[in-house]
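# Secondary and tertiary structure notes
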Amino acid sequence: GIQVEQSPPDLILQEGANSTLRCNFSDSVNNLQWFHQNPWGQLINLFYIPSGTKQNGRLSATTVATERYSLLYISSSQTTDSGVYFCAVKSAGGSEKLVFGKGTKLTVNP
Amino acid sequence: NAGVMQNPRHLVRRRGQEARLRCSPMKGHSHVYWYRQLPEEGLKFMVYLQKENIIDESGMPKERFSAEFPKEGPSILRIQQVVRGDSAAYFCASSRTGTVLYEQYFGPGTRLTVT
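Below: a short report on this structure.

Basis of the calculations
- Residues numbered from 1 in each chain as written.
- Chains lettered and ligands numbered in written order.
- Predicted model: local features only at pLDDT ≥ 70, side-chain atom pairs only at ≥ 80, totals over all residues.
- Heavy atoms only, no water.
- Contact = heavy atoms within 4.5 Å.
- Buried area = accessible area lost by both parts, 1.4 Å probe.
- Salt bridge = Lys/Arg side-chain N within 4 Å of Asp/Glu carboxyl O.
- Polar contact = N/O pair within 3.5 Å; in protein donor to acceptor, adjacent residues only side chain to side chain.
- Helix = DSSP H or I, 4+ residues; strand = E, 2+ residues; numbered from the N terminus.
- Nonpolar A, V, L, I, M, F, W, Y, C, P; charged D, E, K, R; others polar.
- Pairing = 2+ DSSP bridges.
- Axes fitted to C-alpha atoms, helices over the stretch in contact; angles between N-to-C directions.
- Buried < 20%, exposed > 50% of the residue type's maximum accessible area, 1.4 Å probe, protein only.

## Side note on the interface of chain A and chain B
At the interface, 19 residues of chain A touch 23 residues of chain B. Between chain A and chain B the total buried area reaches about 1700 Å² when both faces are included, carbon and sulfur atoms providing 50% of it. Looking at the side of chain A facing chain B, the largest losses of area belong to A:Leu43, A:Tyr48 and A:Glu96, adding up to 30% of the total buried there. Between chain A and chain B we count zero salt bridges in total. Remark: the boundary between chain A and chain B carries seven residue pairs in polar contact (both at pLDDT 80 or more). Contributing elements (two or more residues each) for the side of chain A that touches chain B: strand E4 (29–37), strand E5 (43–48) and strand E9 (83–91) of chain A. The greatest single-element share of the side of chain A that touches chain B, amounting to five residues, is contributed by E4(A). Here the residues of the side of chain A that touches chain B are counted per class, giving seven nonpolar, nine polar and three charged.

Here it is in structure tokens:
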């Protein structure tokens, strides 16, 4: 099945810093989503981005489907950005399930 | 504008008991997915259902686990004779249809602890 790798696994930032999280996938996809799991365990939808670029406030994402990667940018980070960021993909092979990466754990210190 | 609802949020069961987890999809959504998250890991797909139909159960353990999404009422994930290894967070997601055009939205999860 499709493999999803996220990097880095852990990231520690000072408040105000910028960061880039990466998601590589091993096969063609027709859906890609980014999620933020907050310290209380809730999964928040950030982006639905099978291709192209989207922006939402301080966050933006780019997916280059032909090169099988996606990037999540966080600018001017805040302590509330702390948590785990997951990338999840649907393989173009037909299954409706999302396959998740192992996540990037972000800690933003004041 | 209610999102995906799951209950209970926390569930404690002794080994050998049954656990029933409930999920109500977002309004207008007719497709439900269950995922399991073990501690310090990503989410793993378990099962995909539409009303009265199981579409894909390739991620479900072969024994003790079952799921349903009846015509009326929430989707149920049932775990019989729970063991300590079943302790995890169980997330439900829903989408408008099963096509690639629609994203999945997740509920708050049910945290199952088996003692």
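## Some remarks on the sheet that holds strand E3 (residues 19–24) of chain B
Residues and elements named next belong to chain B. If you walk across this open sheet you meet the four strands as E1-E3-E8-E7, and the pairing is antiparallel. Only two strands of the sheet have a single partner each, and these edge strands are strand E1 (5–7) and strand E7 (65–68). Going from strand to strand, the sheet's axes swing by 15° on average, the running direction of each strand aside. Taken together, the three bridges between E1 and E3 define a ladder with antiparallel strand orientation. For glutamine 6, the partnering residue across the bridge sits in E3 and is cysteine 23.

## A word on the pattern of salt bridges
Summed over the entire model, instances satisfying the criterion amount to six salt bridges over all chains. Here A:Arg68 ties to A:Asp27 by a salt bridge, and the two come within 4.0 Å at their closest N and O atoms. Of this pair, A:Arg68 sits in the loop between strand E7 (59–64) and strand E8 (69–74) while A:Asp27 sits in the loop between strand E3 (19–25) and E4; the two residues are 41 residues apart in sequence, bridging distant segments of the chain. Judged by relative accessible area, which is 37%, A:Asp27 ranks as partly exposed. Across the pair B:Glu18 and B:Arg20 runs a salt bridge whose closest N-O atoms are separated by 2.8 Å. Taking relative accessible area as the criterion, B:Glu18 reaches 29% and is therefore assigned partly exposed. The class for B:Arg20 is partly exposed, based on a relative accessible area of 35%. Taken together, the shared-partner salt bridges in this structure form one network comprising B:Glu18, B:Arg20 and B:Arg78.

All quantities given are derived from atomic positions and should not be read as evidence of function.
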